[in-house]
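Descriptive analysis of the structure
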Amino acid sequence: MKKRLLVDMDGVLADVYQQFISFEERDLGIRKSISEVNGKSETEAFINAHHYVRTEGFFRNAPLISGSAEALNLLNAHYELFIVSAAVEFPLSLKEKIEWLSEHFPFISWHQIVFCGLKTIVSGDIMIDDQFKNLDHFKGQTILFTQPHNIGFDDKHHQRVASWSEILEILL
(Lines give C-alpha, C1' and ligand atoms only; values in the text may rest on other atoms or scores of the structure.)
Protein backbone atom coordinates (compact mmCIF):
# COMPACT_ATOMS: atom_id res chain seq x y z
CA MET A 1 0.00 0.00 0.00
CA LYS A 2 1.35 3.40 -1.00
CA LYS A 3 1.92 6.10 1.59
CA ARG A 4 -0.35 9.14 1.36
CA LEU A 5 1.51 12.33 0.44
CA LEU A 6 -0.21 15.70 0.89
CA VAL A 7 1.28 18.66 -1.00
CA ASP A 8 0.35 22.32 -0.51
CA MET A 9 -0.06 24.62 -3.51
CA ASP A 10 0.81 28.23 -2.61
CA GLY A 11 4.45 28.54 -1.66
CA VAL A 12 5.21 24.91 -2.55
CA LEU A 13 4.02 24.53 -6.15
CA ALA A 14 2.96 28.10 -7.00
CA ASP A 15 5.44 30.91 -6.42
CA VAL A 16 3.10 33.39 -4.76
CA TYR A 17 6.00 35.54 -3.52
CA GLN A 18 7.02 36.27 -7.10
CA GLN A 19 3.38 37.03 -7.80
CA PHE A 20 3.22 39.49 -4.88
CA ILE A 21 6.44 41.12 -6.07
CA SER A 22 5.08 41.44 -9.62
CA PHE A 23 1.73 42.87 -8.49
CA GLU A 24 3.40 45.38 -6.17
CA GLU A 25 5.78 46.51 -8.89
CA ARG A 26 2.89 46.85 -11.36
CA ASP A 27 0.65 48.77 -8.95
CA LEU A 28 3.10 50.78 -6.84
CA GLY A 29 6.34 50.83 -8.83
CA ILE A 30 8.12 49.14 -5.92
CA ARG A 31 10.39 46.20 -6.74
CA LYS A 32 11.31 44.25 -3.62
CA SER A 33 13.87 41.50 -3.50
CA ILE A 34 13.19 38.24 -1.71
CA SER A 35 15.83 39.12 0.91
CA GLU A 36 13.85 42.27 1.79
CA VAL A 37 10.82 40.21 2.81
CA ASN A 38 12.60 37.39 4.69
CA GLY A 39 11.09 36.78 8.10
CA LYS A 40 7.94 38.78 7.31
CA SER A 41 4.44 37.49 6.71
CA GLU A 42 2.97 38.21 3.30
CA THR A 43 0.77 40.95 4.78
CA GLU A 44 3.78 42.56 6.49
CA ALA A 45 5.91 42.36 3.36
CA PHE A 46 3.34 43.60 0.83
CA ILE A 47 1.02 46.47 1.67
CA ASN A 48 -1.74 45.25 -0.67
CA ALA A 49 -1.42 41.51 0.00
CA HIS A 50 -5.02 41.18 1.22
CA HIS A 51 -6.24 42.84 -1.96
CA TYR A 52 -3.98 40.86 -4.31
CA VAL A 53 -5.18 37.42 -3.11
CA ARG A 54 -8.71 38.56 -3.90
CA THR A 55 -7.78 39.87 -7.36
CA GLU A 56 -8.74 37.97 -10.50
CA GLY A 57 -5.72 36.31 -12.04
CA PHE A 58 -3.54 36.30 -8.92
CA PHE A 59 -3.69 32.54 -8.42
CA ARG A 60 -4.29 31.62 -12.06
CA ASN A 61 -1.12 33.30 -13.27
CA ALA A 62 1.27 32.55 -10.41
CA PRO A 63 4.64 31.26 -11.59
CA LEU A 64 5.54 27.62 -11.08
CA ILE A 65 8.17 26.83 -8.45
CA SER A 66 11.20 25.42 -10.20
CA GLY A 67 11.33 21.65 -10.38
CA SER A 68 7.89 21.10 -8.89
CA ALA A 69 6.18 19.65 -11.98
CA GLU A 70 8.88 17.10 -12.71
CA ALA A 71 9.19 16.13 -9.04
CA LEU A 72 5.46 15.79 -8.50
CA ASN A 73 5.17 13.62 -11.61
CA LEU A 74 7.77 11.24 -10.13
CA LEU A 75 6.17 11.28 -6.68
CA ASN A 76 2.73 10.64 -8.16
CA ALA A 77 3.95 7.21 -9.27
CA HIS A 78 5.27 6.30 -5.81
CA TYR A 79 2.68 7.79 -3.45
CA GLU A 80 -1.03 8.22 -3.04
CA LEU A 81 -0.69 11.92 -3.86
CA PHE A 82 -3.13 14.71 -3.00
CA ILE A 83 -2.83 18.45 -3.60
CA VAL A 84 -4.27 20.14 -0.53
CA SER A 85 -5.02 23.85 -0.46
CA ALA A 86 -6.80 25.96 2.15
CA ALA A 87 -8.42 27.77 -0.77
CA VAL A 88 -11.92 28.25 0.59
CA GLU A 89 -10.87 31.51 2.29
CA PHE A 90 -10.48 33.00 -1.19
CA PRO A 91 -13.49 31.80 -3.23
CA LEU A 92 -12.21 33.42 -6.43
CA SER A 93 -9.14 31.19 -6.18
CA LEU A 94 -11.06 27.90 -6.47
CA LYS A 95 -11.59 28.03 -10.24
CA GLU A 96 -8.19 29.63 -10.82
CA LYS A 97 -6.37 26.95 -8.85
CA ILE A 98 -8.11 24.15 -10.72
CA GLU A 99 -7.16 25.75 -14.04
CA TRP A 100 -3.59 26.34 -12.83
CA LEU A 101 -3.20 22.73 -11.70
CA SER A 102 -4.65 21.46 -14.97
CA GLU A 103 -2.14 23.52 -16.95
CA HIS A 104 0.99 22.74 -14.93
CA PHE A 105 0.17 19.27 -13.57
CA PRO A 106 -1.97 17.52 -16.19
CA PHE A 107 -1.16 14.14 -14.61
CA ILE A 108 -3.04 15.14 -11.43
CA SER A 109 -6.68 14.09 -11.65
CA TRP A 110 -9.63 15.90 -10.09
CA HIS A 111 -9.93 13.29 -7.33
CA GLN A 112 -6.41 14.16 -6.15
CA ILE A 113 -7.35 17.78 -5.40
CA VAL A 114 -8.60 18.80 -1.95
CA PHE A 115 -9.76 22.36 -1.26
CA CYS A 116 -10.59 23.02 2.37
CA GLY A 117 -10.76 25.69 5.03
CA LEU A 118 -8.40 24.37 7.69
CA LYS A 119 -5.95 21.60 6.92
CA THR A 120 -6.56 20.02 10.31
CA ILE A 121 -9.26 18.00 8.50
CA VAL A 122 -6.78 16.11 6.28
CA SER A 123 -4.71 13.10 7.21
CA GLY A 124 -1.90 11.22 5.58
CA ASP A 125 1.61 9.94 6.08
CA ILE A 126 3.61 12.93 4.80
CA MET A 127 2.75 16.62 4.38
CA ILE A 128 4.77 19.20 2.45
CA ASP A 129 3.78 22.78 3.29
CA ASP A 130 5.33 26.21 3.84
CA GLN A 131 3.12 27.17 6.79
CA PHE A 132 3.80 26.11 10.37
CA LYS A 133 0.08 26.33 11.14
CA ASN A 134 -0.57 23.50 8.71
CA LEU A 135 2.36 21.30 9.72
CA ASP A 136 2.23 21.71 13.51
CA HIS A 137 -1.01 19.72 13.90
CA PHE A 138 -0.11 17.01 11.37
CA LYS A 139 0.51 13.57 12.88
CA GLY A 140 2.75 12.19 10.10
CA GLN A 141 6.10 13.22 8.66
CA THR A 142 6.32 16.95 7.97
CA ILE A 143 8.44 18.73 5.39
CA LEU A 144 8.69 22.53 5.63
CA PHE A 145 9.23 24.17 2.24
CA THR A 146 11.34 27.28 2.83
CA GLN A 147 9.64 30.54 1.93
CA PRO A 148 10.46 34.09 3.06
CA HIS A 149 7.76 34.13 5.76
CA ASN A 150 9.23 31.07 7.55
CA ILE A 151 12.91 32.09 7.38
CA GLY A 152 14.45 32.87 10.74
CA PHE A 153 11.92 30.83 12.68
CA ASP A 154 12.56 27.55 14.48
CA ASP A 155 11.56 24.70 12.21
CA LYS A 156 9.59 23.16 15.13
CA HIS A 157 10.90 19.69 14.33
CA HIS A 158 9.80 19.81 10.71
CA GLN A 159 12.34 18.79 8.08
CA ARG A 160 13.21 21.99 6.21
CA VAL A 161 13.89 21.96 2.46
CA ALA A 162 14.69 24.71 -0.01
CA SER A 163 13.98 22.93 -3.29
CA TRP A 164 12.14 20.13 -4.98
CA SER A 165 15.41 18.27 -5.56
CA GLU A 166 15.84 18.10 -1.76
CA ILE A 167 12.32 16.69 -1.45
CA LEU A 168 13.10 13.99 -4.01
CA GLU A 169 16.24 13.04 -2.05
CA ILE A 170 14.10 12.54 1.05
CA LEU A 171 11.11 10.79 -0.50
CA LEU A 172 12.56 8.61 -3.28
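Whatever comes next refers back to the structure up there.
Residues numbered from 1 in each chain as written. Predicted model: local features only at pLDDT ≥ 70, side-chain atom pairs only at ≥ 80, totals over all residues. Heavy atoms only, no water.

**Overview of unusual backbone geometry**
- Positive phi, normally seen in glycine, also occurs at Lys156, with a value near 55°.
- Its location among the elements puts Lys156 in the loop between strand S5 (141-145) and strand S6 (159-161).
- By relative accessible area, which is 41% here, Lys156 ends up partly exposed.
- Notably, His157 is not glycine yet its phi reads approximately 70°, a positive angle.
- Topologically, His157 is positioned in the loop between S5 and S6.
- With a relative accessible area of 78%, His157 lands in the exposed category. (Helix = DSSP H or I, 4+ residues; strand = E, 2+ residues; numbered from the N terminus. Buried < 20%, exposed > 50% of the residue type's maximum accessible area, 1.4 Å probe, protein only.)

**Observations concerning helix H5 (residues 68-78)**
- Looking only at H5, the buried set comprises Ser68, Ala69, Ala71, Leu72, Leu75 and Asn76. Angularly, the buried residues of H5 cover 160° about the axis, an arc narrow enough to put them on a single face. In H5, the exposed positions that point more than 90 degrees away from the buried face belong to Glu70 and Ala77.
- For H5, the elements touching its buried residues are strand S1 (4-7), strand S2 (80-85), helix H6 (91-104) and helix H8 (164-171). (Arc of directions from axis to C-beta. Contact = heavy atoms within 4.5 Å.)

**Section: the pattern of salt bridges**
- Under the defined criterion, the tally for this structure stands at 11 salt bridges.
- Measuring nitrogen to oxygen at the nearest pair gives 2.6 Å for the salt bridge that ties Asp10 to Lys97. Residue Asp10 is located in the loop between S1 and helix H1 (16-28), and its partner Lys97 is located in helix H6; the two are separated by 87 residues in the primary sequence.
- What makes Lys97 buried here is its relative accessible area of 2%.
- One salt bridge in this structure joins Glu25 and Arg31, with 3.1 Å as the shortest N-O distance.
- A relative accessible area of 35% places Glu25 in the partly exposed class. (Salt bridge = Lys/Arg side-chain N within 4 Å of Asp/Glu carboxyl O.)

**Comments concerning the sheet that holds S5**
- The six strands are arranged S3-S2-S1-S4-S5-S6 in an open sheet whose pairing can be described as parallel. The outermost strands of the open sheet, each flanked by one partner alone, are strand S3 (113-115) and S6. On average, each strand axis in the sheet is tilted by 25° relative to the strand beside it, whichever way the strands run.
- Sheet topology note: the S2/S3 ladder contains three bridges and is parallel. Following the sheet pairing, Ile83 is matched in S3 by Ile113. (Pairing = 2+ DSSP bridges. Axes fitted to C-alpha atoms, helices over the stretch in contact; angles between N-to-C directions.)

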